[in-house]
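# Close look at the chain arrangement
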Amino acid sequence: MLAERLMLAIYAYGTNAGIRSVAGGAHGHTEEEIRYVRRRYLTAQAARQIAVEIANATFAARDVGLWGAGSTAVASDSTHFRSWDQNLFTEWHSRYGGRGILVYWHVERGSVVVHSQTLRASASEVAAMVEGAIRHGTTMRVEGNYVDSHGQSEIGFGVTRLLNVDLLPRIKQINRVRLYRPNAGEPGAYPNLHAALTRPIRWDVIDANYDQVIKYATAIRTGTASTEAILSRFTRAASHPAYQAMLEIGRAQRTVFVARYLRDRDLQREIEEGLNVVESWNAANAVIYYGKGGEISTNRREEAEMAALCLRILQASLVYVNTLMLQDVLAEPAWSGLLAPADRRGLTPLFWGHVRPYGEVKLDLASRLRIAATLS
């Protein structure tokens, strides 16, 4: 009974249909009973743990022969959700041209979401990217992060380099990026790059503030301080020596990355493929979170966070079930010789054509889908 009511509450929040609408289904649970279970049991921490467990179950159930070895990179991007003006969390977003909040996703290349965050429209997406890559909580080991043009900042490269995460952005207007010289006193070096070169890296600034820089990086990794708190502190005091050292590290790392990006065509394709996954994830949001026109109709910050977490649970469940169904179908002998490498690259568990968002909610915990993971 508790499991049924929990699922109904998650469905109500994750689709934005609301508990009152979900309570009208043919399941025998009243609106008051579902609301009580939501207040008593469905906390933000519990919802986050449910999503993490579904992600871990997907990783464990994957067929390596079909999907390949486990990925160590995630793609991250934000989705804009409209919300009420009365919500203190609501801000006007200049890029999306409307009021609302942001939900920042970290999605693995196999379409498994490993982290989500609810942000103000003015919050630093660089800080959100770092937080998700370091503290996602799943069994996945994140070594690389694909980001769109918002991740190409020098401080982003500096922080991720200190945390040993390979930042892989799609750089907008790469023809205008300046490359920093590795050494001073060599004006004639690299003549073919002369038009793109600027001043040398100030290694003395990094050396003088190395201990402070490592202290801040350790605080981020251990959770003693959040990335947003540290970056906002530096923003108010941009002349801080440790911040200047991080910027120099970021300038050096971005120069190295731009050289890799221009030389390695496979890296360009890899970044584009990773970002296409998170864009598909954003497209699925509109299908699943369909209630009330996709607008977050609450004035409470914790309710908005719960809606984002339950949406994450629903999409993680969709990917989990789709993964198992595809593996069952493609395990049949007739498919063994038909899939070429190009076909396998095109496989994705993130599809929703079989999802029917409208209609009655019916629960039957005595039956299971006829897929391998549930038969065992």
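Residues numbered from 1 in each chain as written. Predicted model: local features only at pLDDT ≥ 70, side-chain atom pairs only at ≥ 80, totals over all residues. Heavy atoms only, no water.

Going by an unreviewed UniProt entry, the chain carries the name Transposase and comes from Parafrankia soli.

To continue, consider the side chain of T323. For T323, the position within the fold is in helix α13 (residues 301-330). When sequence neighbours within four positions are dropped, the list of residues in contact with T323 reads T58, R62, W67 and P349. (Helix = DSSP H or I, 4+ residues; strand = E, 2+ residues; numbered from the N terminus. Contact = heavy atoms within 4.5 Å.)

This next bit is on the packing of aromatic side chains. Going through the model one piece at a time under the given rule, you end up with four aromatic pairs. Ring centres of W105 and W281 lie 5.7 Å apart, and the angle between their planes is 65 degrees; this geometry places the pair in the edge-to-face category. Linking W105 in strand β3 (residues 98-108) with W281 in helix α12 (residues 265-288), this pair joins segments that are 176 residues apart in sequence. Neither residue differs from the other here; W105 and W281 are each classed as buried. With a centroid separation of 5.7 Å and 40 degrees between ring planes, the pair formed by F157 and F257 is classed as tilted. Pair noted here: F157 is in helix α7 (residues 154-162) and F257 is in helix α11 (residues 241-263), with a separation of 100 residues, a long-range link. For the pair formed by F157 and F257, the shared burial category is buried. Each member of the aromatic cluster is reached from another via a ring pair, and the members are F157, F257 and Y261. Sitting above the plane of the Y41 ring, R40 keeps its charged end 5.1 Å from the centroid. Note that K215 overlies the ring of Y216, its terminal NZ or CZ placed 5.2 Å from the centroid. (Phe/Tyr/Trp six-rings, centres within 6.5 Å; stacked < 30°, edge-to-face > 60°. Buried < 20%, exposed > 50% of the residue type's maximum accessible area, 1.4 Å probe, protein only. Lys NZ or Arg CZ within 6 Å of the ring centre and 35° of its normal.)

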